[in-house]
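# What the coordinates show
Chain residues, written in single-letter form:
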Amino acid sequence: MLAQAWPARRRGAERSSVSRAMSYNDYGRDSRDNRDNRGDYGGNRGGGGGGGGRNEDVGGYEQDYDDRPEFRDGFRDLAPPEPGQDPASYVPDVVKTFVVYLYRHIREKNVYEIHQMYEGSFQKLSERMFQKTPWPSVEVIAPYVENDHVFCLLYKEMWFRHAYALLSPTLEQRCDSWDNYCNLFQVILHGNVNMQLPNQWLWDMVDEFIYQFQSFCQYRAKLKNKTDRELALLRQCDEVWNVYGVLNYLQALIDKSMIIQILEEEKDGSVTFTATDGYDYHGGTNVLKVLGYFSIVGLLRVHCLLGDYHSGLKALAPIDINAPGVYNTVIGCQVTTIYYFGFANMMLRRYVDGIRAFNQVLLYIHKTKQFHQRSPQYDQIHKKNEQMYALLAICLSLCPHGKLVEENVNNQLREKYADKMLRMQRSDEAIFDELFSYACPKFITPSPPNYEEPLVNYNQDAYRLQLKLFLSDVRQQQLLSSIRSFLKLYTTISIAKLASFMDIDEPTLRMALLTYKHKTHVIDTDGSVLSNADVEFYIDDDMVHIADTKETKRFGDYFIRHITRFEDIITDLERVQLE
């Protein structure tokens, strides 16, 4: 079936079977039902700020969705389909209610209610009713939402994300998901989608778009167990999840949204994109602007998956990660941004930037971990948290700038990797291999394999190449830790004396000193030279002169931290009522 349908897809002839009964231009329109609700962000629960009144356009329910009996009484209507009824066309009442309410709140731009349903109700229904089966298809829910084209695209986006998370998607589903993303982005880029969506949903769109691209590349490279039919279908899917298509869509969202210009103007105070978290409080739309913003992070991620770290950091340049931004409003986006930013810097030997970035986000997660445990993204946050500790251990082993790491993060790091860090400082390559393999992204090969060659798996080729390059760089730095330890003991020392201490000849030492200079100085994205060295020196004839690296101890931060802790203890004690 896919074999016949796919050529039509590539020509753009195939479109969603759901009727476009209502144009995407109608979202947020000034009708009698929602004229007063434009731009309401959920200050009032109950129909997008409309006080919970009846909305005949979209179902006429009087109660808020979370107040419905289905949720209060624990999913009362989970009865199976009646005998003789097609299970594929069966939609439980609670799902009908869900899509009707979600559709209504999107029409009314009620971001608060949309977020509650997207983050809460959708997760509850998925866990209770659809752990092993997909949600009802878009064709069977379309009549309950007036066959609205844009809503159906959004629903399918959630449908495929659920299928990828809990089920094993087929090749046809992977192709259909690509089609759906193409249709959705085309509508956003070339239509007038006048709606407001939560930042969490918009980030999940970009995040899932890249994840499915990554998953397809991994799936396509595993040829060993593919059947002849699957291989035949793969040959016809040459434009599905194509790397150029993925990069072009991300770049188109950035360009069309003019987000780079917006961020530049924001520095002058002429716009307030960050201050409003990307939302438009004047009845407009946040969809294109925020998708463009998150696509900047998406480009960083894709370039890192391809091993192009320079391009990744260059793409992220418009976002200042050292200042508050919209990426801070979504914890998944913040963790992803810092993870790939830090990893790219590590691979480019910009260890100081990597250490600072990892310390920043690990400290934030440590302070707010009690809130993340209730988040649907908790598993992903926890995994990335552990990976970033491993990457931080690598960075500090290659560039021991421990003063850049906050006390709480340092304690956690020592608890997890103290022994392994000592072994890495002694140039134990096996530990570098172990931690890199655990913490690195799942690299991809974007080009399709040669289907005519013997059927083997190529999905690990990109990873092996990046591991080889990383370990090669580590080997070149084997003598640097020994040099660093000796240089810290002297202000001047002769080449001959240092060579005797290290049990190597003078030419080898000179080469090692040049290697030290090379490995501790890197080129920044703007072309300037940065130094990662914790010990600076220069050679004059046969003498090595070491700069004074004695640092003034800073007691202020230490006392501030402990004063804050004592204040918290006193506050807790004052709450205790003694009998």
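Before reading on, note that the structure itself is shown above.
Keep in mind that what you see is a predicted model, and the values were worked out from it rather than measured.

### Quick word on the overall build of the chain
Assigned secondary structure in the chain consists of 23 helices and five strands. Per-residue burial over the chain gives 51% buried out of 579 residues. Here the analysis covers contacts within the chain between residues at least 6 apart in sequence; of these, 74% occur between residues at least 24 apart. For the chain, the exposed area adds up to about 27,900 Å²; of that, 50% sits on carbon and sulfur atoms.

### Quick notes on unusual backbone geometry
Positive phi is not limited to glycine here, since W241 has a value of about 50 degrees. Along the chain, W241 turns up in the loop between helix 9 (228-236) and helix 10 (243-257). W241 gets classed as buried once you look at its relative accessible area, which sits at 0%.

### Some details on the pairing of strand 4 (residues 537-540)
Relative to strand 5 (residues 543-546), strand 4 runs antiparallel, the two sharing four bridges. Bridging from a neighbouring strand, I539 pairs with V544 of strand 5.

### Quick look at the nonpolar core
Grouped together as the largest cluster of nonpolar side chains are 154 residues, with contacts concentrated most on L197, W201, F209, F294, M346 and F470. For this core, the leading source of residues is helix 12 (residues 287-306), giving 13 residues. Once you skip the residues sitting within four places of it in the chain, F209 turns out to touch W178, Y181, F185, W241, V246, Y249 and L250. Counting 17 residues, the second largest nonpolar core, distinct from the first, contains L480, I483, M502 and A512.

### Re the environment of K384
In this structure, K384 sits in helix 16 (residues 378-398). With relative accessibility at 14%, the residue K384 sits in the buried group. It is 9.9 Å that separates the C-alpha atoms of K384 and I338, two residues lying 46 residues apart in sequence.

### As for the environment of I319
Note that I319 resides in the loop between helix 13 (309-316) and helix 14 (331-347). Take I319: its relative accessible area is 8%, and that puts it in the buried class. In sequence terms I319 and L263 are 56 residues apart; their C-alpha atoms lie 7.7 Å from each other. Not counting chain neighbours up to four residues away, the residues in contact with I319 comprise L263, Y293, I296, V297 and Y327.

### Things to note about the pattern of salt bridges
Inspection of the entire model under this criterion finds 13 salt bridges. Measuring nitrogen to oxygen at the nearest pair gives 2.5 Å for the salt bridge that ties R161 to E157. Residue R161 and its partner E157 are both found in helix 6 (residues 149-166); the two are separated by four residues, about one turn of the helix. With respect to burial, R161 and E157 carry one shared label: buried. A salt bridge links R356 to D353; the shortest N-O distance between them is 4.0 Å. Taken as a pair, R356 and D353 lie in helix 15 (residues 351-372) at a separation of three residues, close to a single helical turn. Look at R356 and you get partly exposed, because its relative accessible area is 45%. Taking the relative accessible area as the measure of exposure, D353 reaches 24% and is therefore partly exposed. Taken together, the shared-partner salt bridges connect E157, R161 and D204 into one network.

The rules behind the values
Residues numbered from 1 in each chain as written. Predicted model: local features only at pLDDT ≥ 70, side-chain atom pairs only at ≥ 80, totals over all residues. Heavy atoms only, no water. Helix = DSSP H or I, 4+ residues; strand = E, 2+ residues; numbered from the N terminus. Buried < 20%, exposed > 50% of the residue type's maximum accessible area, 1.4 Å probe, protein only. Contact = heavy atoms within 4.5 Å. Areas by Shrake-Rupley, 256 points an atom, 1.4 Å probe, with all protein chains shown as cover. Pairing = 2+ DSSP bridges. Core = buried A, V, L, I, M, F, W, Y, C linked by side-chain atoms within 4.5 Å. Salt bridge = Lys/Arg side-chain N within 4 Å of Asp/Glu carboxyl O.

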